[in-house]
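Next come the chains, spelled out residue by residue.
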Amino acid sequence: MASVNKVILIGNLGKDPEVRHLEGGIAVARFPIATSETFKDKSGQKQERTEWHNIVVWRGLAEVAEKYLRKGNSVYIEGKLRTNNYQDKEGIQRYSTEIVADNMTMLGGRNDAGSGGEGHYQASSSPASSSGGNAGNTGNASAFQNDEPDDLPF
């Protein structure tokens, strides 16, 4: 039976991305984003609940995140859920859950001055073929796509 592991989030960065470069120059960036929902409790009072999500982006997306994302920026993330386990210093088994993003769109909003406005980035394993106007394209690991709708045949 087929299965699906897909996560879609729109939220705000909790801090600037932390970027590391591994052997071979591969970049990996990690950053938290917050998503919030509002609801009314039993007494009719408005409540807000915030969830924090740990995001991981690789290669070209990591370079884009390092260059353009800042604390407070609004971002759309698509990816998959991954749970890691490890032993802490005391030998206790711990778990961490993160979203490995393969698609990222920077949204306008908070602290977007100097961020270059909106931009859509997607991980890819082949070189990106592009035609002008793709500032922010970091080579073969990410591609800039215009957010304008395509001409549809119907």
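Residues numbered from 1 in each chain as written. Predicted model: local features only at pLDDT ≥ 70, side-chain atom pairs only at ≥ 80, totals over all residues. Heavy atoms only, no water.

Draft legend 1. Expanded view of the overall build of the chain. A count of helices and strands for the chain gives 1 helix and 8 strands. From first element to last, N terminus to C terminus, the chain shows the α and β order β-β-β-β-α-β-β-β-β. For the chain, with 154 residues in total, the buried portion stands at 32%. The contacts in the chain between residues at least 6 apart in sequence include a share of 52% that link residues at least 24 apart. (Helix = DSSP H or I, 4+ residues; strand = E, 2+ residues; numbered from the N terminus. Buried < 20%, exposed > 50% of the residue type's maximum accessible area, 1.4 Å probe, protein only. Contact = heavy atoms within 4.5 Å.)

Draft legend 2. Structural view of the pairing of strand β3 (residues 27-40). Both strand β1 (residues 7-13) and β3 contribute to a ladder of 2 bridges, which runs antiparallel. Each bridged residue has a counterpart across the sheet, and for L13 the counterpart in β3 is I33. Relative to β3, strand β2 (residues 18-21) runs antiparallel, the two sharing 4 bridges. Residue pairing across strands places E18 opposite R30, the latter belonging to β3. The antiparallel hairpin formed by β2 and β3 contains 5 residues in its connecting segment, where G24 sits at a positive phi of about 80°. As defined by bridge partners, β3 adjoins strand β4 (residues 46-58) across 13 bridges and the pair is classed as antiparallel. In the strand pairing of β4, F39 is matched with Q47. If you look at the hairpin formed by β3 and β4, you'll find 5 residues sitting between the two strands, and G44 has a positive phi there, around 90°. (Pairing = 2+ DSSP bridges.)

Draft legend 3. Structural detail: the nonpolar core. Core analysis: the largest hydrophobic core is formed by 21 residues, its most contacted members being F31, I33, I55, V57, L69, I77 and M104. Mapped by element, the contributors of at least two residues to this core are β1, β3, β4, α1 (59-68), β5 (74-87) and β6 (93-107). Excluding residues that lie within four positions of it along the chain, V57 makes contacts with A27, V28, A29, F31, A62, A65 and A101. (Core = buried A, V, L, I, M, F, W, Y, C linked by side-chain atoms within 4.5 Å.)

Draft legend 4. Region of the structure containing the pattern of salt bridges. Scanning all chains against the criterion turns up 6 salt bridges. The salt bridge involving E78 is made with K6; its shortest N-O contact spans 2.8 Å. Placement of E78 in strand β5 and of K6 in the segment before β1 is noted, with a sequence separation of 72 residues between them. Classification of K6 as partly exposed rests on a relative accessible area of 49%. The partner of R82 in a salt bridge is E98, with the nearest N and O atoms 2.6 Å apart. Taken together, the positions of R82 in strand β5 and E98 in strand β6 put the pair 16 residues apart, joining distant regions of the chain. Since its relative accessible area comes to 5%, E98 is described here as buried. (Salt bridge = Lys/Arg side-chain N within 4 Å of Asp/Glu carboxyl O.)

Draft legend 5. Representation of the side chain of S74. Position of S74 relative to the elements: it lies in strand β5. Ignoring anything within four residues of it in the chain, the contact list for S74 reads I10, G11, N12, M106, L107 and G108.

Draft legend 6. Representation of the confidence of the model for the chain in the model. On average, the chain scores 79 in pLDDT, and the residues at 70 or more come to 70%. When the elements of the chain are averaged for pLDDT, strand β8 (residues 142-145) gives the smallest value, 37, and β1 the largest, 97. pLDDT under 50 marks residues 110-116. Its contacts with residues more than four places away, or in other chains, come to 8 contacts. This model gives residues 124-150 a pLDDT under 50, and the stretch forms 45 contacts once residues within four places in sequence are excluded. (pLDDT = per-residue confidence, 0-100.)

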